Amino acid sequence: MRAVSGRLPEGEDWGYEIKWDGMRLVAEVGPAEHLRLLSSRGNVVTHRFPELHELPTGLHADTATLDGELVAFDDRGRPSFGRLQHRIHLDDPAAVRTAAREVPVAFVAFDLLALDGTTITTLPLRERRRALETVLEPGPTWRLSQLHLGGGAELLEVVRDAGLEGVVAKRLESPYTRGKRSPAWVKVKIRRRQEFVVGGWAPGQGARHDRLGALLVGYHEGDHLRFAGRVGSGLTGRDLVELAAVLGPSLDDPPFDPAPDALSAEGAHWVRPELVVEVAFAEWSADGRLRHPSYLGRHADRDPTSVRREPEPGPPREAGAEGPGEPRPGSTDARDLPA
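Overview of the structure.

Conventions we followed
- Residues numbered from 1 in each chain as written.
- Predicted model: local features only at pLDDT ≥ 70, side-chain atom pairs only at ≥ 80, totals over all residues.
- Heavy atoms only, no water.
- Helix = DSSP H or I, 4+ residues; strand = E, 2+ residues; numbered from the N terminus.
- Rg over C-alpha atoms; globule rule 2.2 N^0.38 Å.
- Buried < 20%, exposed > 50% of the residue type's maximum accessible area, 1.4 Å probe, protein only.
- Contact = heavy atoms within 4.5 Å.
- Areas by Shrake-Rupley, 256 points an atom, 1.4 Å probe, with all protein chains shown as cover.
- 1 Å grid on protein atoms, 1.4 Å probe; cavity = no way out; pocket = protein on both sides within 12 Å on 5 of 7 lines; lining within 4 Å.
- Points joined across faces, edges and corners; volume = space filled by probe spheres on them.
- Nonpolar A, V, L, I, M, F, W, Y, C, P; charged D, E, K, R; others polar.
- Core = buried A, V, L, I, M, F, W, Y, C linked by side-chain atoms within 4.5 Å.

**A closer look at the overall build of the chain**
Helices and strands together make up the secondary structure of the chain, namely five helices and 18 strands. Whereas a compact globule of 339 residues would reach a radius of gyration of roughly 20 Å, the chain reaches 21 Å, a difference of no more than 12%. Each principal axis of the C-alpha distribution contributes one length, and for the chain these read about 60 × 50 × 40 Å. In the chain, buried positions account for 52% of the 339 residues. Once local pairs closer than 6 in sequence are excluded, the contacts in the chain between residues at least 24 apart make up 70%. If you sum the accessible surface of the chain, you get close to 15700 Å²; carbon and sulfur atoms cover 49% of it.

Put into structure tokens, the structure is as follows:
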């Protein structure tokens, strides 16, 4: 189940959570400390995150399926999608062990999909969360995400002050809708960012004139891939090497429809639109181009055909009633905020 972008909803039938800047992960926990970690596309990634292998010891049930987010923290204690990049693409066991020491991760569980062999996705979120809090005990590399009942606007301000990504509002009586974006979950982001599909790349300047310097990205609108602009800011030397290795061979024609203008397409190498990346930007221009885009990282497990232009969320509404368990004002370390 995925959220839609929008304004912050208010009312007694809504709960609010921190939006973690990480990788979506489903954990299937079974008897005899069995654990299987699945990406959002159903790929098994258990071997990539050895620090989560003790997760079954925190379960007070025979079996369970947990939904949540995998997070890596920066030096200031904030979730960092950039740091997580060093973990989510590794398969070599030695490289995984080294990365686990250098960039440890944590699993933040926010939903319970099955318990002791019974699927519970049709139950309302309020009941699923109550069951989750009963069966999962927080551990050294996993924790529960706190669902705030009320006080969404206050939580959004604390998240803004802490430099976090945003807030997700969830309707408490909603079931879990598998594989779909639902208006029962609304994400409110502090800065504009979303996923884009890479359809080509342009060479850099000077010594990099024969190597990747910028990505040409777009989004799907129906059956068409619309061009959204070039993204060169935020790319590190390591990013350039890794992207060049995964973009694949060049195509004769651009995958965008309509094709980009001559200036945007100058020097471009077109590729199959299969790679999905995360981009932050200031705003959309009147002609549908990204203003001041900056590369944040790539998604190894995202379906490129599902990438759409997200609607403008607009400003948050006025604050609602304050609820229990609110975060401490002034906290700047996300590990000190209620999950």
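Once the structure has been displayed, the description carries forward.
**Considering the layout of surface pockets**
Within this model, the largest pocket holds a volume of roughly 600 Å³. Considering the residues around the largest pocket, the lining is formed by 24 residues, among which Met1, Arg2, Ser40, Arg41 and Gly179 are closest to the centre. Among the secondary structure elements, those contributing two or more residues to the lining of the largest pocket are strand S3 (23-30), strand S5 (64-72) and strand S6 (105-115). Among the elements that line the lining of the largest pocket, the one with the most residues is S3, at three residues. The residue makeup of the lining of the largest pocket, split by class, is six nonpolar, seven polar and 11 charged. For the lining of the second largest pocket, the secondary structure elements donating two or more residues are helix H1 (81-88), helix H5 (237-246) and strand S18 (294-299). No other element matches H1, which puts four residues into the lining of the second largest pocket. Taken together, the residues of the lining of the second largest pocket break down into six nonpolar, seven polar and nine charged.

**A look at the nonpolar core**
Counting 31 residues, the largest nonpolar core has Phe196, Leu215 and Val217 as its most contacted members. Where this core is concerned, the elements lending two or more residues are strand S11 (193-203), strand S12 (212-221), strand S13 (224-231), H5 and strand S15 (276-280). Those residues in contact with Val217 that lie beyond four places of it in its chain are Phe196, Val197, Val198, Arg226, Phe227, Ala228, Gly229, Val231, Phe256, Val277 and Leu290.

**A few points about the side chain of Ser39**
Relative to the elements of secondary structure, Ser39 occurs in the loop between strand S4 (34-38) and S5. Judged by its relative accessible area of 5%, Ser39 is buried. Among residues more than four places away in sequence, those in contact with Ser39 are Met23, Arg24, Leu25, Val45 and Asp301.

**A closer look at unusual backbone geometry**
The amide bond that connects Asp257 to the next residue, Pro258, takes the cis arrangement and shows omega of 0 degrees. Residue placement: Pro258 occurs in the loop between H5 and strand S14 (269-270). Non-glycine residue Asp116 carries a positive phi angle of around 50 degrees. With respect to the element layout, Asp116 can be found in the loop between S6 and strand S7 (118-119). With relative accessibility at 42%, the residue Asp116 sits in the partly exposed group. Residue His292 is not a glycine yet carries a positive backbone phi of 55 degrees. The exposed category is assigned to His292, whose relative accessible area is 62%.

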